[in-house]
There are 2 protein chains.
Amino acid sequence: MDPHLLRTYVTVARLASFSEAARELGYTQSAVSQHIAALEQDLGAPLLTRRPVAPTAAGERLLEHAGPLLLRLDAARADVARMAAAPEHGLTLAVAPTALGPRVVAALPAAGVTLKVLAREEVPAAVATGGADLGLVDGLAAPSDPLRLPDVAPLTTHGAGEEPVCVLLPASHPLARRTGLRLGDLVDARWLDAPGAGLPLAHLRAAHGGAGFRPALRYEGTDLCALTALAAAGHGLVLLPRAAAVGVPGTAAVPLVAPRLVHRTELVHTGSPRGAAAAVVDKLLERP
Amino acid sequence: MDPHLLRTYVTVARLASFSEAARELGYTQSAVSQHIAALEQDLGAPLLTRRPVAPTAAGERLLEHAGPLLLRLDAARADVARMAAAPEHGLTLAVAPTALGPRVVAALPAAGVTLKVLAREEVPAAVATGGADLGLVDGLAAPSDPLRLPDVAPLTTHGAGEEPVCVLLPASHPLARRTGLRLGDLVDARWLDAPGAGLPLAHLRAAHGGAGFRPALRYEGTDLCALTALAAAGHGLVLLPRAAAVGVPGTAAVPLVAPRLVHRTELVHTGSPRGAAAAVVDKLLERP
DNA sequence: CACCCTCGATAAGCAACGCTGATACGGTGC
DNA sequence: GCACCGTATCAGCGTTGCTTATCGAGGGTG
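Keep in mind that what you see is a predicted model, and the values were worked out from it rather than measured.

About the cut-offs
Residue positions are counted from 1 within each chain, in the order its sequence is given. Each chain is given a letter, starting from A, and each ligand a number, starting from 1, according to the order in which they appear as written. This being a predicted model, a pLDDT of at least 70 is required before a residue's local features are given, and a value of 80 or more before pairs of side-chain atoms are given or counted; all residues contribute to the totals for chains, interfaces and linings. Think of the side-chain values as coming from all heavy atoms in the structure, minus any hydrogens and water. Among the buried residues, those of types Ala, Val, Leu, Ile, Met, Phe, Trp, Tyr and Cys that are joined through side-chain atoms within 4.5 Å form a nonpolar core. Each residue's exposure class comes from its accessible area (1.4 Å probe, protein chains only) as a fraction of the maximum for that residue type: buried when under 20%, exposed when over 50%, partly exposed otherwise. In what follows, residue pairs with any heavy atoms lying within 4.5 Å of each other are defined as contacts. Each residue carries a pLDDT score, the predictor's own confidence in it, on a scale running from 0 to 100. Under the scheme used here, helices are H or I runs from DSSP no shorter than 4 residues and strands are E runs no shorter than 2 residues, and both carry numbers assigned from the N terminus. A residue counts toward the fit only if its pLDDT is at least 70 in both copies, and the copies are then superposed by least squares on the C-alpha atoms of those residues. Any residue with a heavy atom positioned within 4 Å of a molecule or strand is treated as near that molecule or strand. Polar contacts, as used here, are pairs of N or O atoms within 3.5 Å; protein pairs need one atom able to donate a hydrogen and one able to accept it. Residues neighboring in sequence count only if both atoms are side-chain atoms. Residues were grouped as follows: Ala, Val, Leu, Ile, Met, Phe, Trp, Tyr, Cys and Pro as nonpolar; Asp, Glu, Lys and Arg as charged; and all remaining residues, including Gly, as polar. A 1.4 Å probe defines the accessible area here, and the buried area is the portion of it lost by two parts on being joined, summed over both. A carboxyl oxygen of Asp or Glu within 4 Å of a side-chain nitrogen of Lys or Arg is what we treat as a salt bridge.

A. Main features of the nonpolar core. In terms of nonpolar packing, the biggest core is built from 48 residues, with Leu39, Leu47 and Leu62 of chain A together with Leu39, Leu47 and Leu62 of chain B touching the most fellow members. Those residues within four positions of Leu39 of chain A in sequence are excluded, and the remaining contacts are Met1, Leu5, Leu6, Tyr9, Leu47 and Leu62 of chain A.

As structure tokens, this is what we get:
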């Protein structure tokens, strides 16, 4: 189970083609064919059907493992390399769109920061693999409960603030005048599914303990403005932290009153932050 | 970052010796030396000090990554192999000591089951790497909150029951006659630290949100009887699910009333259980 | 229906890798 | 000072893993 073979396998599976994968990886088609053959022999099961190229049941299984595995591998390499490298100048901060509130903006130093807005699930990976020095992730949680993050690597997390959540409705929506909404009343509403930018519907289902929350329109991207525009146009409801939800033209932001959920944002980093990173950490963690 | 090199590295770090590691792995000392050199060159940083052999800062870091990585690798291999292998006859069940309640015992089929009692944190790993077909893990949680399990692999979990937790006290203890105890009152008591058999003190600290719960005696093992005997002899308090705590000679089991915590047990397995495993799953999950 | 073109499997050749065995080097204990 | 233990290094050799070349099976086209 050489990581190289694994990498080849996921590439082949993604592109559904040996030759394409070979081109992308800089190998010959022959080498890719041998890689897959080696993997299949090693594991004792066919992983791909040929013509068309598609994963078998066992192959699907392997794909689920391969992603996190390769990610962890990168994380380990980056983590160790970071210990040896010269102390970096310039600070890179990875944030999920809804995690970038006014407090965060205020805490940034005047210069020398690179800000990366990534989809929520990519933030821990970016921090782990060295793409960013600090990360800010957010999500729905019961008050004072920590978030559930994918453990791509041993990361340190600190709570960096909690905020009420609001449902963003078009101003003309029948519920827009309410002063509070219950999640249970919105199970059958049309929702926007925006795993990158908004709060994932899966969180809602978990919080409500059941099915429902059928997506009306799926938005792939990390631009909060695009998302709020969609919501204003009536394409579906979105759940947002209050700071992001209030003041959007053409919409009303109604607080969610039940269940008691908060928008929690957490600061994540590897090891102990040094230099400029440490200063930002301190500033973000001091209680207002 | 060949897994072989990684495996060699962790072995060397564990045994603090190149030669010993070579013996254990079936290599020559020369090969081990070359492995480590290759890793260090690849990562661009020294990982071990020689004479004495001990991990450097970067090496410590790598060690934190290496364990989960190798575990995941094993899990992936086992998972795929399982899909190809003949349907196993005989069912292996891995359980944490305190997860083995009367309901579980009742749900087992009359014959053909192998039961493995493992330390709590080893159960998911055993299921993932194919050492067991099903696992039962337990822990402290707020009512209806899922447990936080290490994600060694994509595992499916189901809640399999919740139960009140009790503090196990020697019968002569001043608090033994109480009808309920608050966790806050016990922060400074003497506790048994039994990460394998009892509920880990770290869970208590997390639930209480602070330090305290200093361990008086540490018990490494998975025998619940040994643990209760220690508690009866006054070596420290233990938190146990009610079923395990009541009826221990020489002790009193006092329910924990605050914070509202339950002992939750969850069933974990990979993919979809087949044959005998499916039957046991059904039986464990049907609401009593 | 014959043709070609694409895509994956297979064979041969060659360079690089990774292991072993032998040896050099640097500590430690007697 | 010498023997001993443990790691680093070197030469040699078998194996691995890549490339180039070729084959065979489908699918589309004139």
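B. Quick look at the confidence of the model for chain A. Averaged over all residues, the pLDDT of chain A is 84; the fraction at 70 or higher stands at 97%. The least confident element of chain A, judged by mean pLDDT, is helix 7 (residues 201-208) of chain A at 76; the most confident is helix 1 (residues 3-15) of chain A at 92.

C. Representation of the relation of the copies chain B and chain A. For these two chains of identical sequence, chain B goes onto chain A by a turn of 180 degrees and a shift of 0.1 Å along the axis, with RMSD 0.2 Å. These values place the two chain copies in the arrangement generated by a two-fold rotation axis. In this assembly the copies share their binding face: 100% of the residues contributing to the interface of chain B also contribute to that of chain A.

D. Local environment of the protein's contact with DNA strand D. The environment of DNA strand D is formed by 17 residues, the closest being Thr28 and His35 of chain A together with Ser19, Ser33 and Arg50 of chain B. Considering DNA strand D, the proportion of its atoms within 4 Å of the protein that are sugar or phosphate atoms stands at 57%. The separation between a phosphate oxygen of DNA strand D and a polar side-chain atom of Thr28 of chain A is 2.8 Å. Side-chain polar atom of Ser30 of chain B to a base oxygen of DNA strand D: 3.1 Å apart, as the coordinates give it. For the surface near DNA strand D, the secondary structure elements donating two or more residues are helix 3 (29-43) of chain A together with helix 2 (18-25) and helix 3 (29-43) of chain B. A per-class count over the surface near DNA strand D returns three nonpolar, 11 polar and three charged.

E. Main features of the interface of chain B and chain A. With 34 residues of chain B at the contact, the number on the chain A side is 34 residues. Buried area between chain B and chain A, summed over both chains or domains, comes out near 3,100 Å², and the portion from carbon and sulfur atoms is 62%. Considering only the side of chain B, the residues that lose the most area to chain A are Arg61, His65 and Val80 of chain B, jointly responsible for 21% of the buried surface there. Here chain B is connected to chain A by four salt bridges. The partner of Arg61 of chain A in a salt bridge is Asp79 of chain B, with the nearest N and O atoms 2.7 Å apart.

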